[in-house]
Structure formats: structure tokens, C-alpha cells
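# Structural characterization, general
One letter stands for each residue in the lines below.
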Amino acid sequence: MKKYFCSVLLILSGCVMNHNPVPEGYTGKLAIISDSYSHLEKSSAHFFIVKKVNGLTIAESGTTTRIRNRGRGFDLNPVLEFRKFPIQKTKLHIAGYIHYATDGQALFKDDLNIEAIFEFLPEANFYYEVKGVLSEDGSELWIEDQDFNRVNGEMTYLK
């Protein structure tokens, strides 16, 4: 029974594995992309995150914040993730949503979830950040560069 249980745990742990967006052995130039948040209140904030880089699931701020804030009740202290990625045509799966301090809040409130795929060619040594607006009247996502300019690329919103 123990062997069966351990096997199931190993299989399930592989399902949530985060990847490094920089391929092993890559020696080229890099850029950095960061998640962001806005509208911080005591127990919620609007999060704008990268979920995947070129199809690979990566560490993201919503999960990191949830883990680091466990046991704090309604006090939310956002923890942002940033990651390096190679200079090549890049496909980012980005999202925006309201992050709540507790699961109970999330059950009874609207998270205004929005997701998109954004493709672009990053510049070497540039810093990028996921940005957005969440509103019942309409939500939007975009990527900003280190000079606070919106980055040109192809955005495809997901339903």
C-alpha cells in the first residue's frame, strides 16, 4: 500500500512541476519578465501574471503569494515572481485576476479573470512586466518594457 501511495504522489507531483524558461545549455542573451499587481487592499489585489513561457508552466506570483501568506487570514502580502527568458520569438500565456487572501473570499466574489497569449521578440537585457486593468466594464492585458512603453506583439485573448 505504501508503494502504491508513493507512486501516486510522484505522478501527481509531476503535474504541477514548474519549468525554467531558459533551455539547458543556452548561452545567449536574456531578458527578464515580472508579474505585477495593483489595487492592493487588505485582503485582495489585482494580479497580472505569466502562467507559461513557450508552453512551459513556470512559477507565478498567485501561487507563490498563496503559499507565503498561508495562515495569515485576511492579510494579503503579494509576492512577485520574475524570471529570465531567452532572446527568441516568445509566446507568453498571461492572465489577470483578483487574488483574494482566502479561498472563502474567492468562492463568493468575482475574480474578473482574463487570459491571453502574447507573442513578441524581446530585446536583450530588457526588463518586461505584465500589466492590465480588471473591470466589470471590460478588462485588458499588455506587456510593458523598462521604459513604461507597451510592447508591440500579437495578442490573442482566450475565452
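## Quick notes on the confidence of the model for the chain
- Summarising the model, the chain shows a mean pLDDT of 89, and 90% of its residues fall at 70 or more.
- Residue range residues 5-14 is modelled with pLDDT below 50. Its contacts to residues more than four positions away, or to other chains, number zero contacts.

## Notes on the sheet that holds strand E9 (residues 140-145)
- With mixed pairing, the four strands of this open sheet are ordered in space as E5-E1-E8-E9. Edge strands, defined here as strands with exactly one partner in the open sheet, are strand E5 (82-86) and E9. Across the sheet, the mean angle from the axis of one strand to that of its neighbour is 30°, orientation sign disregarded.
- Taken together, the six bridges between strand E8 (residues 127-133) and E9 define a ladder with antiparallel strand orientation. Note that in E9 the partner of glutamate 129 across the bridge is glutamate 144.

## Describing the nonpolar core
- If you look at the biggest cluster of nonpolar residues, it comprises 23 residues, and the most contacted ones within it are Ile33, Val50, Leu92, Ile94, Tyr128 and Ile143.
- Counting only elements with at least two residues in this core, the list comes to strand E1 (30-34), strand E3 (44-53), strand E6 (90-100), strand E7 (114-120), E8 and E9.
- With seven residues, the next largest nonpolar core counts Ala45, Phe47, Ala95 and Tyr97 among its residues.

Cut-offs and rules
- Residues numbered from 1 in each chain as written.
- Predicted model: local features only at pLDDT ≥ 70, side-chain atom pairs only at ≥ 80, totals over all residues.
- Heavy atoms only, no water.
- pLDDT = per-residue confidence, 0-100.
- Contact = heavy atoms within 4.5 Å.
- Pairing = 2+ DSSP bridges.
- Helix = DSSP H or I, 4+ residues; strand = E, 2+ residues; numbered from the N terminus.
- Axes fitted to C-alpha atoms, helices over the stretch in contact; angles between N-to-C directions.
- Core = buried A, V, L, I, M, F, W, Y, C linked by side-chain atoms within 4.5 Å.
- Buried < 20%, exposed > 50% of the residue type's maximum accessible area, 1.4 Å probe, protein only.

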